[in-house]
Amino acid sequence: MTVIEKLKNGFTILDGAMGTELQKIGLEAGELPEEMNIKNPLAVTGIHKRYFEAGSDIVATNTFGANSLKFGEDLEQIISAAVKCAKSAAEEYSHIKPRFVGLDVGPLGKMLKPLGDLDFEEAVEIFAKTVKIGAKCGVDLIMIETMNDAYETKAAVLAAKENCDLPVFVTNVYDESGKLMTGANPLAMVTMLEGLRVDALGLNCSLGPAGMKDIVKELTKYSSLPVIVKPNAGLPTVADGKTVYNVSPNDFAKEMGELADMGATLLGGCCGTNPEYITALCKVLEKKEYKAPEKKDFTAVSSYTHGVIFKDKPILIGERINPTGKKRFKQALLENDIPYLLKEGINQAEKGVDILDVNVGLPEIDEAEFIKRAVFELQAILDLPLQIDSALPEALENALRIYNGKAMINSVNGKRESMNAVFPLAAKYGGLIVALTLDETGIPKTAEERVAIAEKIINEAEKYGIDKKDIIIDPLAMAVSAEPTAATETLRAVEILTKKGIKTSLGVSNVSFGLPNRDFITSSFFTMALQKGLSAAIMNPHSLEMQKAYSSFLALTGKDEAFADYIDFASKILVDNTASIEKSPSKEGTVEGVYGAIVKGLKAEAATKTAELLKSTQPMEVINSHIIPALDEVGRGFENKTVYLPQLLMSAEAATAAFDEVKKLIKKGDSAKGKKIILATVKGDIHDIGKNIVKVLLENYGFEVIDLGRDVPPEVVLEKVLETGATLVGLSALMTTTVPAMEQTISLLKRECPNVKTMVGGAVLTKEYADSIGASFYGKTAMDSVRYAEKLNR
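Parameters at a glance
- Residues numbered from 1 in each chain as written.
- Predicted model: local features only at pLDDT ≥ 70, side-chain atom pairs only at ≥ 80, totals over all residues.
- Heavy atoms only, no water.
- Helix = DSSP H or I, 4+ residues; strand = E, 2+ residues; numbered from the N terminus.
- Rg over C-alpha atoms; globule rule 2.2 N^0.38 Å.
- Buried < 20%, exposed > 50% of the residue type's maximum accessible area, 1.4 Å probe, protein only.
- Contact = heavy atoms within 4.5 Å.
- Core = buried A, V, L, I, M, F, W, Y, C linked by side-chain atoms within 4.5 Å.
- Expected span 1.5 Å × (residues − 1).
- Patch = residues over 30% accessible without salt bridge, like charges linked within 9 Å, V, L, I, M, F, W, Y side chains within 5 Å.
- Areas by Shrake-Rupley, 256 points an atom, 1.4 Å probe, with all protein chains shown as cover.
- Salt bridge = Lys/Arg side-chain N within 4 Å of Asp/Glu carboxyl O.
- Axes fitted to C-alpha atoms, helices over the stretch in contact; angles between N-to-C directions.
- Nonpolar A, V, L, I, M, F, W, Y, C, P; charged D, E, K, R; others polar.
- Parallel < 35°, antiparallel > 145°, perpendicular 65-115°, else oblique.
- Left-handed = near helix turned anticlockwise from the far one by under 90°.
- Pairing = 2+ DSSP bridges.
- pLDDT = per-residue confidence, 0-100.
- Phe/Tyr/Trp six-rings, centres within 6.5 Å; stacked < 30°, edge-to-face > 60°.
- Lys NZ or Arg CZ within 6 Å of the ring centre and 35° of its normal.
- Right-handed = clockwise from strand over helix to strand, strands pointing away.

What about the overall build of the protein?
Then step 1. The helix and strand inventory of the protein stands at 32 helices and 25 strands.
Then step 2. Its C-alpha atoms give the protein a radius of gyration of 28 Å, near enough to 28 Å, the size a compact globule of 794 residues would have.
Then step 3. When its C-alpha atoms are laid out on the principal axes, the protein stretches across 85 × 75 × 50 Å.
Then step 4. The proportion of buried residues among the 794 residues of the protein is 59%.
Then step 5. Relative to all contacts within the protein whose residues are 6 or more apart in sequence, the contacts with residues 24 or more apart total 75%.

Description of the nonpolar core
Then step 1. By size, the foremost hydrophobic cluster in this structure holds 216 residues, and its most contacted members are Ile142, Ile144, Phe526, Ile627 and Leu698.
Then step 2. Of all the elements, helix H27 (residues 645–663) adds the most residues to this core, at 10 residues.
Then step 3. The next biggest cluster of nonpolar side chains, apart from the first, holds 28 residues, and it includes Ile678, Leu718, Leu749 and Tyr778.

Notes on helix H28 (residues 689–700)
Then step 1. A rise of 1.5 Å per residue sets the reference length of H28, with its 12 residues, at 16 Å; its end C-alpha atoms lie 17 Å apart and thus fit the reference within 8%.
Then step 2. For H28, the full list of buried residues reads Ile689, Lys691, Ile693, Val694, Leu697, Leu698 and Asn700.
Then step 3. One or two steps after H28, the chain reaches Gly702, where phi turns positive at roughly 95°.

Remarks on a nonpolar patch on the surface
Then step 1. Taken together, Leu515, Phe520 and Ile521 make up a surface patch of nonpolar side chains, about 250 Å² in accessible area.
Then step 2. Within the secondary structure, Ile521 is located in helix H20 (residues 518–531).
Then step 3. A relative accessible area of 35% means that Ile521 is categorised as partly exposed.

Here's the deal with the packing of helix H24 (residues 593–600) against H27
Then step 1. Running from N to C, H24 and H27 point in directions that differ by 145°, and their axes come no closer than 6 Å. Facing Ala597, Ile598 and Val599 of H24, the residues of H27 in contact are Ser651, Ala654, Ala655 and Ala658.
Then step 2. Tallied by class, residues from the contact of H24 with H27 come to six nonpolar, one polar and no charged.

Concerning the environment of Val729
Then step 1. When you line up the elements, Val729 lands in strand E23 (residues 728–732).
Then step 2. The spatial distance from the C-alpha of Val729 to the C-alpha of Phe703 is 12 Å, given a sequence separation of 26 residues.

What to know about the packing of helix H4 (residues 41–54) against helix H12 (residues 275–285)
Then step 1. Where H4 meets H12, the axes come as close as 8 Å, and the angle between the chain directions of the two elements is 15°. Here H4 is positioned roughly parallel relative to H12, judged by the angle of their axes. Viewed along their axes, H4 and H12 form a crossing whose handedness is right-handed. Across the interface between the two elements, Arg50, Tyr51 and Ala54 of H4 pack against Pro275, Ile278, Thr279 and Cys282 of H12.

Focus: the sheet that holds strand E25 (residues 777–778)
Then step 1. As summarised here, the arrangement of the five strands in space is E22-E21-E23-E24-E25, forming an open sheet in which the pairing is parallel. Sheet topology places strand E22 (704–707) and E25 at the edges, where each strand pairs with a single neighbour.
Then step 2. Where E23 meets strand E24 (residues 757–761), five bridges bridge the pair, whose relative direction is parallel. Opposite Gly730, over in E24, you have Met759 as the bridge partner.

Topic: the sheet that holds strand E6 (residues 200–204)
Then step 1. Read from one edge to the other, the open sheet built from eight strands follows the order E1-E10-E7-E6-E5-E4-E3-E2, with strand pairing classed as parallel. Looking at strand neighbours, the two that pair on one side only are strand E1 (12–13) and strand E2 (58–60), the edges of this open sheet.
Then step 2. Bridge count between strand E7 (residues 227–230) and strand E10 (residues 266–267): two bridges; the pairing is parallel. Considered in E10, the bridge of Ile228 is made with Leu266.
Then step 3. Sitting on the sheet, helix H7 (residues 120–136) touches strand E3 (100–105) and strand E4 (141–147), and the angle it makes with E3 is about 160°.

What about the confidence of the model for the protein?
Then step 1. The predicted model of the protein has a mean per-residue pLDDT of 93, with 96% of residues at 70 or higher.
Then step 2. Under a pLDDT of 50 for its full length, residues 577–591 has, in the predicted model, 33 contacts with residues more than four places off or in other chains.

Here we look at the pattern of salt bridges
Then step 1. Tallying each qualifying case throughout the model produces 46 salt bridges.
Then step 2. Between Lys499 and Glu495 there is a salt bridge; the shortest N-O distance is 3.8 Å. Placement of the pair is Lys499 and Glu495 together in helix H19 (residues 486–499), with a separation of four residues, close to one helical turn.
Then step 3. A residue is classified by how much of its surface remains accessible, and Glu495, at 27% relative accessible area, is partly exposed.
Then step 4. The residue Lys532 makes a salt bridge to Glu495 at a minimum N-O spacing of 3.6 Å. With a gap of 37 residues between them, Lys532 in the loop between H20 and strand E20 (536–539) and Glu495 in helix H19 connect regions that are remote in the sequence.
Then step 5. The network of salt bridges with common partners includes Glu121, Glu162, Arg401 and Lys428.

Focus: the side chain of Glu661
Then step 1. Structurally, the position occupied by Glu661 is in helix H27.
Then step 2. On the basis of relative accessibility, which here comes to 17%, the residue Glu661 falls in the buried class.
Then step 3. For Glu661, the contacting residues outside a window of four places in its chain are Ala607, Thr610, Ala611 and Leu614.

Regarding the packing of aromatic side chains
Then step 1. In this structure the tally under the stated criterion is nine aromatic pairs.
Then step 2. Ring centres 4.7 Å apart and planes at 25° place the aromatic pair Phe120 and Tyr151 in the stacked group. In this pair, Phe120 sits in helix H7 while Tyr151 sits in helix H8 (residues 150–163), placing the two residues 31 residues apart along the sequence. Tyr151 shares its class with Phe120; the two are buried.
Then step 3. Cation over ring: Arg328 sits above Tyr340, and NZ or CZ is 4.2 Å from the ring centre.

Let's talk about H27
Then step 1. The terminal C-alpha atoms of H27 lie 26 Å apart, and with 19 residues this matches the ideal 27 Å at 1.5 Å per residue to within 8%.
Then step 2. Where burial is concerned, most of H27 is hidden: 15 out of the 19 residues are buried.

Some details on the pairing of E22
Then step 1. With four bridges joining them, strand E21 (residues 676–681) and E22 adopt parallel strand pairing. In the strand pairing of E22, Leu679 is matched with Asp707.
Then step 2. Taken together, E21, H28 and E22 form a β-α-β motif whose crossover is right-handed.

Remarks on unusual backbone geometry
Then step 1. Following Lys113, the chain continues to Pro114 via a peptide bond in cis, the omega torsion being 5°.
Then step 2. Topologically, Pro114 is positioned in the loop between E3 and H7.
Then step 3. The omega torsion of the bond from Asn410 to Ser411 falls at 25°, within 30 degrees of zero and hence cis.
Then step 4. With respect to the secondary-structure elements, Ser411 resides in strand E16 (residues 408–413).
Then step 5. In the Ramachandran plot, Arg197 falls in the positive-phi region, its phi being about 65° despite a non-glycine side chain.
Then step 6. Arg197 gets classed as partly exposed once you look at its relative accessible area, which sits at 32%.
Then step 7. The backbone phi angle of Leu476 is positive, close to 70°, even though this residue is not glycine.
Then step 8. With respect to the helices and strands, Leu476 occurs in the loop between strand E18 (471–474) and H19.
Then step 9. When its relative accessible area of 11% is taken as the criterion, Leu476 is described as buried.

Listed below in structure tokens is the structure:
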């Protein structure tokens, strides 16, 4: 029996925690858990055996942090020993039932660009080294786990898919709000991961089973794949000097039974769980009826934060990032003017589009490279899904590879050459394919002929494993000025396709080409197409006529509950007297001044606007009245969960650019608050994402940050405190196995420097746990730490 066959034949029982079990057998504070594979392989094998004895079908190798960043040339030895331990245990218990070994692949502990300094392809390469060794050693599957960033998740999945043919399971870390650290909700992750063709998906760590219920509900609602659930044993506390968790095995199993009833089919445990928890879980699941995951029929795309489903409400795709007929945009492409492109994206987002089309096709530039940069920059400051628009397969692949989500792919057509080029890309990276109804014979005149091409494309896509729900047909809006019946045939094609359950999209403005007052014709055609069932339209969101047509259609067809959107739209028209909607999209719109540039995360714009403002405004006035208020605005949004981490960090980058301009003029000592803060990731832990986020924000609020880096012994922290006189130390830890090192550091500081305050943070911590190890403050978010530092500095 293979792993995939096992998934189809009942519940699959996973294992529980490895780190806390290693601590029980002598893992010291700050010691790397993976080194136990070599130092004490019998103990590691023994843990795997106990999980198999408890009922686990799959155990994960002791390789959570095994990557080349951490182990360098010793990586192969570490992974080989880990796999040997797990396989040895599996062989001993395989006579009872099939047992499998999964290669455990955890996060790298570094943020990917633009939020951090790790390039996407570097991340893929690092993960690939781990995967290659694990596959060579004979693991049965790849288990990518504890990922709190959609982008890093994609890098890990690509590494697995490109370097082995094993099944791939993925679990992410969601917080109490049901989102990843970088903002992705369950629909976003399901959409991206199913597009990448993983074999099972779900969540682990951070929460106990009760806290996962709402997230599991969302995952099982949208996913056609088996859903994995691996909660912690509740929340950590300290009792008699030891870390314990507040959910018992029996209570854990009972809650897990409820998650199984909701549709989870792969179940195990994370931090704090042990073989007792798995035994209790198996007993509960014996009484449960297994239900195989049902195939869902959602047509969706996603960004790094959310998914967009093509269902009842027609989807608007902004058309303005396209050089066709746009002299200023062509100039921007030729001059490599990325800020202009970004403002076009922001202005369209503010007009309410759901998706942005991105087309940079111009003969004079390297389109394949430019579109890659355009996508990278756009997704850094905007959370809208993108439609990658190019006739060049190389350009499509460059953009799809680094896109943080599941994109629309514009486009394929009925020509054999086109399908052969585009379908493999969609099969590898995922995507909603826009299919044009033309082939080697050209564009058919009749609706029936266009529908026939659409069906040919759908049938061919199926050979690549691409479902009909991942194809949206564009039956081509043609200019009525050249062919009076063109609109009629296109509308008939939309209607026929809609009745067949096929999604449709149109570039609606083409219909009015060559006519005066084009918006009049375009908006009327748009309304007619919507009435025929059009699923999406590529349109100009700055057109008042198009906005009127869309808002009115939704109101008249019951798609606008209580007319809320229409009333809001109409109110804006009255207030603005149409001026703001009709404003040329080439103007700055609402992106104005230092404040606006920082809020929007526009680094170059922030620097330019600050330099201009400094000509007439004192430096400290710029800081106190423009830069800090903008940071506060974004910070409040982050605290209220209306702004996500990537937006927070890009705004911080923009603020840094603004500060750099101020520093050129300001007197020494004027700008900084003069308070030194030491930051460190504790001994044994190489995950410094949280620390680095806090560092960026503190620096932007004027603090002098002394960053000691990762894997920092307590003695080094103390030495730096004595050297610098800093009165606040921030400590970070991701893993349960490194929290003891955090406690040791705090104890040392309290003994030697009793006036020094300590603030702590990390995925495994809670306020109660932080209090129990003696920390002065627990920061749940990066902004919490900033607020605490400000409070101490008053």
